[in-house]
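# Structural overview
Next come the chains, spelled out residue by residue.
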Number of protein chains: 6
Amino acid sequence: MTSHDRPSVQVISAHSGDFVWRAGGALALYAERGHDVRIVCLSYGERGESPGLWRTPGMTVDAAKAARRDEAEAAAAALGARITFLDLGDYPLRIDDDGLSRIVAEIRDAAPEVLLTHVANDPYNRDHDAAHEATLLARQVAQAAGHDPSTPPIGAPQVLQFEPHQPEQCGFVPNLLLDITPVFERKRKAMECMGAQSHLVQYYTDLGLRRGVQAVRNGGDRSIVQAEAYQRVFPIVGDVLR
Amino acid sequence: MTSHDRPSVQVISAHSGDFVWRAGGALALYAERGHDVRIVCLSYGERGESPGLWRTPGMTVDAAKAARRDEAEAAAAALGARITFLDLGDYPLRIDDDGLSRIVAEIRDAAPEVLLTHVANDPYNRDHDAAHEATLLARQVAQAAGHDPSTPPIGAPQVLQFEPHQPEQCGFVPNLLLDITPVFERKRKAMECMGAQSHLVQYYTDLGLRRGVQAVRNGGDRSIVQAEAYQRVFPIVGDVLR
Amino acid sequence: MTSHDRPSVQVISAHSGDFVWRAGGALALYAERGHDVRIVCLSYGERGESPGLWRTPGMTVDAAKAARRDEAEAAAAALGARITFLDLGDYPLRIDDDGLSRIVAEIRDAAPEVLLTHVANDPYNRDHDAAHEATLLARQVAQAAGHDPSTPPIGAPQVLQFEPHQPEQCGFVPNLLLDITPVFERKRKAMECMGAQSHLVQYYTDLGLRRGVQAVRNGGDRSIVQAEAYQRVFPIVGDVLR
Amino acid sequence: MTSHDRPSVQVISAHSGDFVWRAGGALALYAERGHDVRIVCLSYGERGESPGLWRTPGMTVDAAKAARRDEAEAAAAALGARITFLDLGDYPLRIDDDGLSRIVAEIRDAAPEVLLTHVANDPYNRDHDAAHEATLLARQVAQAAGHDPSTPPIGAPQVLQFEPHQPEQCGFVPNLLLDITPVFERKRKAMECMGAQSHLVQYYTDLGLRRGVQAVRNGGDRSIVQAEAYQRVFPIVGDVLR
Amino acid sequence: MTSHDRPSVQVISAHSGDFVWRAGGALALYAERGHDVRIVCLSYGERGESPGLWRTPGMTVDAAKAARRDEAEAAAAALGARITFLDLGDYPLRIDDDGLSRIVAEIRDAAPEVLLTHVANDPYNRDHDAAHEATLLARQVAQAAGHDPSTPPIGAPQVLQFEPHQPEQCGFVPNLLLDITPVFERKRKAMECMGAQSHLVQYYTDLGLRRGVQAVRNGGDRSIVQAEAYQRVFPIVGDVLR
Amino acid sequence: MTSHDRPSVQVISAHSGDFVWRAGGALALYAERGHDVRIVCLSYGERGESPGLWRTPGMTVDAAKAARRDEAEAAAAALGARITFLDLGDYPLRIDDDGLSRIVAEIRDAAPEVLLTHVANDPYNRDHDAAHEATLLARQVAQAAGHDPSTPPIGAPQVLQFEPHQPEQCGFVPNLLLDITPVFERKRKAMECMGAQSHLVQYYTDLGLRRGVQAVRNGGDRSIVQAEAYQRVFPIVGDVLR
């Protein structure tokens, strides 16, 4: 599918809105830098993350999916990213062998430098855990020399967990505060596409400012206004002390 | 003392050997890059970390200190770093208000970008804990606008914990694998200065290779041979996903 | 099934005995207060928790289930609670999509204020982990606006983990010591119904006293004799400092 | 000093501003309910938490203390609380035997139902750790039958840790979201008294809203607008499942 | 199959090489002592742990399995152990009810005093987690009085987790340093059988020395040269303080 | 003082009763085996652990110390152990350089195979933490070649933490269940010497049974009736898988 002529960042999102609220800044930042930014939505969040839609009389699962898909495509476009929907179902999100193979194929195709996904243990939403687990497992399979000889194995991309809605309850401890100030307007536009969850726009705008204040407190440049928080799974390798 | 005309890296070392075994690569790396590399030895390790010396008949604490000082100065020179000895005593290392003030003065003078020190909880060696705690506390005091108006407050340097002798027993989880391949010969020369602990040279040479293998496994360049492991205290702030 | 004319407490029990030993006091307490107390037994514990039965020559799985069912129904009656058996099998307890849907239906039907279940990580008994995970996942699905439009979504009930047999090995840290003194005789009667595990009656009687002593030590009224220990999953919301 | 004719809530605050930002809502809430609300400031935060003051030419430690004292007294009055200053020094806050005895005397005098203080491990600010440790230790001494026979031992008050500035970095996991909606205006007034840290008013106003949203998400009444987050040290004892 | 006329040690290995690198010393030690040493390979590691094989043109999964099987049988013979292959597949290793039953049957047949397996949480390799989980679950089922009346239930064997490749990233904290000095040559011979992973021989030889140094540091006899590290799941029961 | 003609076990007890309730079985067991069993009481527990005494009119600190000393000497005799009192004060127990030196001298004199002491973090009683910390620090100093040349350095004794009163709140996870059945009557006699805390005899008798049940559950011999729980600080070194 791709010629890997430019580096890639890939997000594995349990529901079709998660990538916007939690990682939209990172995606916009890398899209602006010319990276191939890929979004994989494991489900549309059609049952559990569309309360606004379900207040519409006569709503069906298919209609909810279609509405969520439209929103997510608009948001992806606003961020400058490509988006794929695997339609694996939500509440619960269950990933069987076929689902896993499709995620592996997406990862091999992108060969990303970095994978973004959910935390390991969100007591409010086990779909998030399923996405986390599937990301680690699919990354491992995508590395295997003996898996699907028609596509090459990937290297060892970092996995960054983005911020859950209630971070402390999920054991989330940020170790990267990413400056998203230059692209915040793009993130806001993407957030405004999410009609089914519009109550969250102000919440995540405020959160961006809060993480921005913390970024400055932790030695960041005073020009930082908005930030997103991430937690790495693997150690950094490099030659810089930081 | 300094005009801060170049960036600084500073290590707070409980005993006069710790900085060599655990962070010698990092110090050499930054010395080669032209940073002002500073070593603060809180003690000489004269009682507890000089078993070779104490096998000499008639050994005294003062003679042990002198021997350890000579070794450490040679090692610092090999690494390209400046070294200061606060002579606060070892086994136990106890840091009172005056000792703390001296550490604060050293930190304000260096205004380092990064501080290197021990882990928080080493059940084998509580002097290491004392050095860790003193580093966090001195960093905080050095930031205070109302502390010693004759020197300016510092910013918010990262604190990196270097690898303890038995990492798993100390809760050490590396999140930075630092490539020290280009300067490993310098580190070896520094290690060879430590006559009182010469049994450790091979041990830390092997450890460097082991961490190097792990660095490559975690996505590092295949040219990496030796690495040192570090664990950050504070989140990274930046605009790069890693 | 119910008109929700009174508040509900619901326990999700891996095996048909767990609710008695670990949460019988809580169930009796709320039954006496007029709550609708519901017990969902995911299995009968027919294979793994009925060693007494299996010493009977000619015992079969069906006969073990029947005997366990009789005991559990008697215990539920003694506590003043309703009981349902989902018969999902034990050792191992495996919960597939259909099993999950049935748990969701039970939770939606009860719309409980509080859910009681097992801890997340019991190295001795992974059926307990399965019940914990199913409770969190079923709670999430039961909240989804788009799940089964024939029954209404639930709110956000607290989940309380009851005490495992070897609490420290399971990471159990009680943060609620529930005074069960007024209903302890009811709990004892329920425990005495469990013929297949009669060796546990004295053990859990002593445990009740031990937790009672701790309750008083933690500021509880000196009239407390017996208590049960629980660990919350979610924060308390309220207007009282405690 | 007091006749204990009404119940008491007591906060042990490392610096003279901490109680406002982190626990002002709780204090106002209990003051309105008629409790005897007591604030013990271990230091004024004169060196480390008064950057605004130290930009004034000719500022001295005594002048900083006086200014901070005025602010804190005004804030306490706005909250309806009594305030005491122990003047133990900040950056670092060091609590010797005499300082500890004075804290014990304050606690015995108040005989509080609840103690509020800092978290155990704040890597940014070890004064907070010192206050936490002193609170636990002073509580223990205040309970001792053989300590100072002129005042009676206290019972076993709960200790609630209030929210640190960067909660995830401090291991803070809220398990109480306290509804402060009815008293938020009082808290705002108290915050506005803190001229030396005025940049924090907006930050903590936003945080109150954020915690309020979480309170509703965790099953709180939809009328909740602002909340404060706390983490308990000891288990709750009671007869209510929550 | 066996008459249990001698005690047994059993290892549950995700892939056919794991038992060699991580537990070969323990297996050789007990084989020399006359124990019945059993190896259960859940998969051959045919896809993910045979990069050398997959560089051969025309390699197939079946050929990779056969090559891995030959190597593992040679290694088992070198260690003095029996080996069984369950061929459940790798990358991912998925263990369904039938796979679980086969593991239970192996454990009941061996009735081991000790089970050896992987850690619970290896972010690099979820097959290891699957093997850990299956070991705990199969041990539980094997204990059940009502499971398969044709074979007797087992007791309560200890479960020891062997060392993962990157121990700190897996939460591995060794609490047993096993002296394997007397059998290290046997382990080396076994390692040399693993042609598909020959790059690991030096790595694990060095690791054996490193753990040996730590063993002496922790009070072991000075004659110890090589050791293997393990982490227990369950408490030790005994009458010796150690 | 001693010629080290027999192996030693040593307990470092914060108050003069702790060694009885928490480790009395271990001490009796090793005394019966002919070990040199040593008890070091850092304080008498005169203020904080003698509520019975302080109900006596006219009680003084000196009288409380004398009464506690008599009790502890009787208990030590019942256990077959030697006892030393350092009289460092309780509530709070503060250990300065001189106190530490005295503990080091005791440890060097005993040269114990095992040290027993309190857990690291008891939120109810910080004297316990102080004893834990002093034990680790004194052990380290006692190992130093350059400390006090008149007595020889010790080796690397294991440190076992005995069970605190509320184990889960202290992070206590037992990894040794010590069979004390053969000496339980001796422990009971020792407990009955502790007149100032007689309410605890039944409590710790029950706890012994509870830990005994768990010992059998974890694979111990069915003859075990009573056990004590311990948590190791350091890994075991040996040649036995357990």
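What you are looking at is a predicted structure, and each value in this text was computed from that prediction instead of being measured. Here, residues in each chain are numbered from 1, in the same order as that chain's written sequence. Lettering of chains starts at A and numbering of ligands starts at 1, both following the order in which they are written. Confidence filtering applies because this is a predicted model: local features only for residues at pLDDT of at least 70, side-chain atom pairs given and counted only at 80 or more, and all residues used for totals across whole chains, interfaces and linings. Hydrogens are left out, water is left out, and the side-chain values use all remaining heavy atoms of the structure.

### Observations regarding unusual backbone geometry
Cis geometry marks the peptide bond from Tyr91(E) to Pro92(E); its omega dihedral reads 5°. Note on conventions: DSSP H or I runs of at least 4 residues are helices, E runs of at least 2 residues are strands, and numbering of each starts at the N terminus. Note that Pro92(E) resides in the loop between β3 (82-85) and α4 (97-110). Positive phi is not limited to glycine here, since Asp148(A) has a value of about 40°. Here Asp148(A) is to be found in the loop between α5 (126-143) and β5 (158-162). Type-normalised accessible area, obtained with a 1.4 Å probe on protein chains alone, sets the label of each residue: buried when under 20%, exposed when over 50%, and partly exposed for intermediate values. Classification of Asp148(A) by relative accessible area gives partly exposed; the value is 33%. Notably, Asp87(E) is not glycine yet its phi reads approximately 55°, a positive angle. You can see Asp87(E) is positioned in the loop between β3 and α4. Take Asp87(E): its relative accessible area is 37%, and that puts it in the partly exposed class.

### With respect to the sheet that holds strand β6 (residues 176-179) of chain C
To summarise the sheet geometry, strands pair through backbone hydrogen bonds and adopt either a parallel or an antiparallel arrangement. DSSP-based pairing: two strands are paired if at least 2 bridges between them are found. An order of β3(C)-β2(C)-β1(C)-β4(C)-β5(C)-β7(C)-β6(C)-β8(D) is seen for the eight strands of this open sheet, with the pairing classed as mixed. On the outer flanks of this sheet lie β3 (82-85) of chain C together with β8 (236-238) of chain D, each paired with one strand and no other. The sheet shows a mean angle of 25° between the axes of neighbouring strands, direction not considered. As paired strands, strand β2 (residues 36-41) of chain C and β3(C) are joined by four bridges and run parallel to one another. Note on β3(C): the bridge partner recorded for Arg38(C) is Arg82(C). The contact criterion used is simple: two residues touch if any of their non-hydrogen atoms lie within 4.5 Å. Fitting a line to C-alpha atoms yields each axis, with helices limited to the stretch in contact; the angle taken between N-to-C directions then spans 0 to 180 degrees. Here helix α1 (residues 18-32) of chain C sits on the sheet and contacts β1 (8-13), β2, β3, β4 (114-117), β5 (158-162), β6 and β7 (227-232) of chain C; the angle it forms with β7(C), its principal contact strand, is near 100°. Helix α4 (residues 97-110) of chain C contacts β1, β2, β3 and β4 of chain C of the sheet and is inclined by roughly 165° relative to β1(C).

### As for the relation of the copies chain F and chain B
When the copies are superposed, the least-squares fit takes in the C-alpha atoms of residues with a pLDDT of at least 70 in both. In the superposition of chain F on chain B (RMSD 0.0 Å, axial shift 0.0 Å), the rotation amounts to 120°. Interpreted geometrically, this transformation is the action of a three-fold axis. Identified as the residue of chain F closest to the rotation axis by C-alpha distance is Asp96(F), at 6.9 Å.

### Some thoughts on the interface of chain F and chain B
How big an interface is tends to be reported as the loss of accessible area on association of its parts. In this complex, chain F contributes 16 residues to the contact, which on the side of chain B involves 13 residues. Buried area: the accessible area, evaluated with a 1.4 Å probe, that two parts lose upon being put together, summed over both parts. Across the chain F to chain B interface the summed buried area is about 1400 Å²; carbon plus sulfur atoms make up 56%. Salt bridge, as used here: a side-chain nitrogen of Lys or Arg that lies within 4 Å of a carboxyl oxygen of Asp or Glu. One salt bridge in this structure joins Asp97(F) and Arg94(B), with 2.7 Å as the shortest N-O distance. Between N or O atoms, a polar contact is any pair within 3.5 Å; within protein, one atom must be a potential hydrogen donor and the other a potential acceptor, and residues adjacent in sequence are included only when both atoms are from side chains. Summed over the shared surface of chain F and chain B, the result is six residue pairs in polar contact (both at pLDDT 80 or more). For the side of chain F that touches chain B, the secondary structure elements donating two or more residues are α4 (97-110) and α5 (126-143) of chain F. Among the elements that line the side of chain F that touches chain B, the one with the most residues is α5(F), at five residues. When residues are sorted by character, Ala, Val, Leu, Ile, Met, Phe, Trp, Tyr, Cys and Pro go into the nonpolar class, Asp, Glu, Lys and Arg into the charged class, and all the rest, Gly among them, into the polar class. Taken together, the residues of the side of chain F that touches chain B break down into 10 nonpolar, three polar and three charged.

### A closer look at the side chain of Asp122(B)
Residues and elements named next belong to chain B. By the element assignment, Asp-122 lies in the loop between β4 (114-117) and α5 (126-143). An unpaired buried charge is present at Asp-122: no salt bridge exists, and Arg-126, the closest side chain of opposite charge, is 6.2 Å distant. Looking at Asp-122, its side chain comes within polar contact range of the side chain of His-128, at 2.9 Å. Ignoring anything within four residues of it in the chain, the contact list for Asp-122 reads His-128, Asp-129, Pro-164 and Cys-170. In this tally Asp and Glu are treated as negative and Lys and Arg as positive; neither His nor the chain ends contributes.

### Brief notes about the relation of the copies chain E and chain F
Here chain E sits on chain F after a turn of 180° about the axis and a move of 0.0 Å along it, with an RMSD of 0.0 Å. Those values place the two copies in the arrangement expected of a two-fold rotation axis. The position closest to the rotation axis in chain E is occupied by the C-alpha of Asn175(E), lying 4.8 Å away. Of all interface residues in chain E, 100% are interface residues in chain F too; the two copies therefore contact each other through one and the same surface.

### Considering the confidence of the model for chain A
When pLDDT is averaged along chain A, the result is 95, and 98% of the positions lie at 70 or above. In the model output, the complex is listed with pTM 0.97 alongside ipTM 0.95. Known as pLDDT, the predictor's per-residue confidence is scaled from 0 to 100.

### Details of the interface of chain E and chain F
Contact with chain E, which involves 33 residues of that partner, is made by 33 residues of chain F. Taken together, the two surfaces of chain E and chain F that pack against each other cover about 2800 Å², and 61% of this comes from carbon and sulfur. Looking only at chain E, the three residues that lose the most surface to chain F are Val237(E), Leu241(E) and Arg242(E), adding up to 30% of its buried area. Here chain E and chain F share two salt bridges between them. As a salt-bridge pair, Asp239(F) and Arg33(E) come within 3.4 Å of each other at their nearest N and O atoms. Counting every contact that joins chain E to chain F gives 14 residue pairs in polar contact (both at pLDDT 80 or more). Looking at the side of chain E that touches chain F, the elements that each hand over two or more residues are α1 (18-32), β4 (114-117), β5 (158-162), β6 (176-179), α7 (200-217), β7 (227-232) and β8 (236-238) of chain E. In terms of residues, the side of chain E that touches chain F owes the most to one element, β6(E), which gives four residues.

### What to know about helix α6 (residues 184-192) of chain A
Residues and elements named next belong to chain A. What α6 keeps buried is the set Phe-184, Lys-187, Ala-190 and Met-191. In a view along the axis of α6, the buried residues occupy a sector of 115°, so they form one face of it. Every exposed residue of α6 that faces more than 90 degrees away from the buried side is listed here: Lys-189 and Glu-192. In this fold, the buried residues of α6 make contact with α1 (18-32), α3 (61-79), α7 (200-217) and β7 (227-232). Arc definition: directions from the helix axis to the C-beta atoms.

### Comments concerning the packing of α1(E) against helix α3 (residues 61-79) of chain E
Residues and elements named next belong to chain E. Relative orientation of the contacting elements α1 and α3 amounts to 35°, with a least axis distance of 8 Å. Contacts from Phe-19, Val-20, Gly-24, Leu-27, Ala-28 and Ala-31 in α1 reach Ala-72, Ala-75, Ala-76 and Leu-79 in α3. Residues belonging to the contact of α1 with α3 are distributed by class as follows: nine nonpolar, one polar and no charged.

### What to know about the packing of aromatic side chains
We call Phe, Tyr and Trp rings a pair once their centres come within 6.5 Å, taking the six-membered ring for Trp, and we label the pair stacked below 30 degrees between planes, edge-to-face above 60, and tilted otherwise. Within the structure shown, the criterion is met by 24 aromatic pairs over all chains. For the pair Tyr124(B) and Phe234(F), a centre-to-centre distance of 4.8 Å together with 45° between the ring planes defines the contact as tilted. One end of the pair, Tyr124(B), is in the loop between β4 and α5; the other, Phe234(F), is in the loop between β7 (227-232) and β8 (236-238), on a second chain. Assigned by exposure class, Tyr124(B) and Phe234(F) land together as buried. One aromatic cluster in this structure is built from Trp21(A), Tyr203(A) and Tyr204(A). Over the ring of Tyr30(C) we find Arg33(C), and its NZ or CZ is 4.8 Å from the ring centre. Two thresholds decide whether a charge sits over a ring: the Lys NZ or Arg CZ must be within 6 Å of the ring centre and within 35 degrees of the ring normal.

### Quick word on the arrangement of the chains
What separates chain B from chain C at the closest point of their C-alpha atoms is a distance of 18 Å, and the two make no contact. Across the gap from chain A to chain F, with no contact made, the nearest C-alpha atoms are 18 Å apart.

### Section: the pattern of salt bridges
The full count for this structure, using the stated rule, is 102 salt bridges over all chains. Of the charged contacts, one joins Glu73(C) and Arg69(C) as a salt bridge, the two residues approaching to 3.3 Å between their closest N and O atoms. Linking Glu73(C) with Arg69(C), this pair stays in helix α3 (residues 61-79), spanning four residues, or about one helical turn. A network of salt bridges, in which partner residues are shared, links Arg6(A), Asp36(A), Arg38(A), Arg82(A) and Asp109(A).

### A look at the sheet that holds strand β1 (residues 8-13) of chain D
In spatial order, the strands read β8(C)-β6(D)-β7(D)-β5(D)-β4(D)-β1(D)-β2(D)-β3(D); together these eight strands make up an open sheet with mixed pairing. Of all the strands in the sheet, just β8 (236-238) of chain C together with β3 (82-85) of chain D have a single pairing partner and so form its edges. Neighbouring strand axes in the sheet, compared pairwise and without regard to direction, differ in orientation by 25° on average. Two elements, strand β6 (residues 176-179) of chain D and strand β7 (residues 227-232) of chain D, share four bridges in a ladder whose sense is antiparallel. Among the inter-strand pairings, Leu178(D) is bridged to a residue of β7(D), identified as Glu228(D). The strands touched by helix α4 (residues 97-110) of chain D within the sheet are β1, β2 (36-41), β3 and β4 (114-117) of chain D, with β1(D) carrying the most contacts at an inclination of about 165°.

### Let's talk about the environment of Glu71(A)
All names here are of chain A. Topologically, Glu-71 is positioned in helix α3. Residue class for Glu-71 comes out buried when judged on its relative accessible area of 11%. As a C-alpha pair, Glu-71 and Ala-190 span 119 residues in sequence and 9.0 Å in three-dimensional space.

### Here's the deal with the environment of Arg38(E)
All names here are of chain E. Tracing the backbone through its elements, the reader meets Arg-38 in strand β2 (residues 36-41). On the basis of relative accessible area, Arg-38 is assigned to the buried category, the value being 5%. A polar atom in the side chain of Arg-38 sits 2.8 Å from the side chain of Asp-36.

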